[in-house]
Amino acid sequence: MVKKKNLIDWIIQNRVVSHLIFWVLLFISLPILAALNDGSVKKTVISGLSFLPAQLLASYFLVYYQVPKLLFKKKYLKFGVSFLISVYVLLVLSKLLNMYLTEIFAPKYFEYKSLFEIITAPFHLAVVYFPSVYVFVFLMFTTKAFKDRFEERHQLEVLQKEKANTELKFLKAQTNPHFLFNTLNNLYSLTLERSEKAPEVVLKLSDMLDYMLYQCKDAEVPLKKEIDFIQDYIDLESLRYGNKLTLDFTHHLHSPNVMIAPLILISFVENAFKHGASNNLNNSVIKIELTTNQDQLCFKVFNTLPLNKQNDIENDSHSGIGFSNSQRQLELNYKNNYNLKSIKTDIDFQIILNINLK
């Protein structure tokens, strides 16, 4: 589901709007500052208007040309000369505009100076006009730096999410043929025996494929659907093993609306069959328990082990496609919000998975 951008994100990512807001806030703050300092609001507004062109030119020239094209490319001499010349020219412009606007709108504050007097007084320009112009230039530069940093981090987060989503899709795609391969093997065995159970296997397989291919596209699915999927798989395997297998699957949900990432639990169930029932010539036991409360999901899978292959099973049960696939999906979907542990004895193997639901 695509989340709508909030207003702040939209403003930050819209260059024209964010710049307009910056300069409007700057300009309307001048009369407020004048009133707080018991100064002349009219004179302050005139000064603001006279400085505004220089502030605009200096800001965009510094932010979009001098810093990225000269400073960041280590052209330090060109940057220094360019900066000094631009400061001098723009301060002269500010002085001229201030003088002419004062003459028109506030003549009582007007003080005439010739162009020669203005351009030959760089120290006066620097002391009086540089702070008025370049304080706001550096403020914009700082704001732009923070904005760029925010966008860079936002883009990095987007790329990380896209990477995680791509990996999840790959893991799900890996899961589907893995199940299909194992189930078709079961079906093949039944058809060789001309078993009457074969049509039932086909129906179960159809339901499983429908779920995996068409109902697992969302990031989360109702846990009830996962339970039905697990039950289909168990029913299919039970047809294959018959009386050789003692199986118990219990589940209790505190709410029918519990959601979970799809195809995470089934691999642990499959491993119990693969490393328990399929390798055991004697009676095998598999117990599966799924419970939830307001805060947590608990999933337990227990299976007995064949006595003659304990060491192989111990290694394989932790390195198979299904087990490692589920571990990776848990990490991508529930990082720092799950706990997975396994317990092995000489005769049985158990996994216990807890997932925080909040």
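Structure first, text after, so check above.
Residues numbered from 1 in each chain as written. Predicted model: local features only at pLDDT ≥ 70, side-chain atom pairs only at ≥ 80, totals over all residues. Heavy atoms only, no water.

K.L.:
Would you take a moment to explain the environment of Ser342 for this structure?
P.N.:
Along the polypeptide, Ser342 turns up in strand S6 (residues 338–344). Here the alpha-carbon distance between Ser342 and Lys300, two residues 42 residues apart in the chain, equals 9.7 Å. (Helix = DSSP H or I, 4+ residues; strand = E, 2+ residues; numbered from the N terminus.)

K.L.:
Explanation requested: the packing of aromatic side chains in the structure shown.
P.N.:
For any pair of aromatic rings, the description rests on two quantities: the centre-to-centre distance and the angle between the ring planes. This model, assessed by the stated rule, comprises ten aromatic pairs. Ring centres of Phe130 and Tyr134 lie 4.8 Å apart, and the angle between their planes is 10°; this geometry places the pair in the stacked category. With a gap of four residues between them, Phe130 and Tyr134 both fall in helix H7 (residues 130–192), about one helical turn apart. Three or more aromatic residues joined by ring pairs form one cluster here, namely Phe79, Phe83, Phe130, Tyr134 and Phe138. (Phe/Tyr/Trp six-rings, centres within 6.5 Å; stacked < 30°, edge-to-face > 60°.)

K.L.:
Can you walk me through a nonpolar patch on the surface in this structure?
P.N.:
Taken together, the side chains of Leu77, Val81, Ile85, Tyr88, Val89, Leu115, Phe116 and Ile119 make up a nonpolar region of the molecular surface, amounting to roughly 780 Å² of accessible area. Of all the secondary-structure elements, those providing two or more residues to the nonpolar patch are helix H4 (76–105) and helix H5 (115–119). Looking at the nonpolar patch, the element that brings in the most residues is H4, giving five residues. You can see Ile85 is positioned in helix H4. (Patch = residues over 30% accessible without salt bridge, like charges linked within 9 Å, V, L, I, M, F, W, Y side chains within 5 Å. Areas by Shrake-Rupley, 256 points an atom, 1.4 Å probe, with all protein chains shown as cover. Salt bridge = Lys/Arg side-chain N within 4 Å of Asp/Glu carboxyl O.)

K.L.:
Help me understand empty space enclosed by the protein, please; the structure alone is not making it clear to me.
P.N.:
A probe as big as a water molecule, rolled over the atoms, marks out the empty space that is left. Taken as a whole and judged by the stated rule, the model has two cavities of 30 Å³ or more. In this structure, the largest cavity is lined by ten residues; those nearest its centre are Phe268, Asn271, Ala272, Asn303 and Phe349. Among the elements of the structure, helix H10 (266–275), strand S5 (296–304) and strand S7 (348–356) are those that each provide at least two residues to the lining of the largest cavity. In terms of residue count, the dominant contributor to the lining of the largest cavity is H10 (four residues). Here the second largest cavity is characterised by a volume of approximately 30 Å³. Residue assignment for the lining of the second largest cavity shows that the elements contributing at least two residues are helix H3 (41–71) and H4. Take the lining of the second largest cavity: its biggest share by element is four residues, from H3. (1 Å grid on protein atoms, 1.4 Å probe; cavity = no way out; pocket = protein on both sides within 12 Å on 5 of 7 lines; lining within 4 Å. Points joined across faces, edges and corners; volume = space filled by probe spheres on them.)

K.L.:
Is there a simple way to think about the pairing of S6 in this case?
P.N.:
Two faces, one strand: in a regular strand the side chains alternate between the faces of the sheet. Looking at chain direction, S6 and S7 are connected through seven bridges and run antiparallel. Following the sheet pairing, Ile343 is matched in S7 by Gln350. Connecting S6 to the next strand, S7, in antiparallel fashion are three residues. (Pairing = 2+ DSSP bridges.)

K.L.:
I tried to follow the pattern of salt bridges on my own but got confused; where do I start?
P.N.:
When charged atoms on two side chains of opposite charge get close, those side chains can pair. According to the stated counting rule, one finds two salt bridges in the structure shown. The partner of Lys144 in a salt bridge is Asp148, and the shortest N-O contact between them spans 2.7 Å. With Lys144 and Asp148 both in helix H7 and four residues apart, this pair spans about one turn of that helix. A salt bridge links Asp228 to Lys224, with the shortest nitrogen-to-oxygen separation between them at 3.0 Å. With Asp228 and Lys224 both in helix H9 (residues 223–241) and four residues apart, the pair spans about one turn of that helix. Using a relative accessible area of 36% as the deciding quantity, one classes Asp228 as partly exposed. (Buried < 20%, exposed > 50% of the residue type's maximum accessible area, 1.4 Å probe, protein only.)

By themselves these figures say nothing about function.
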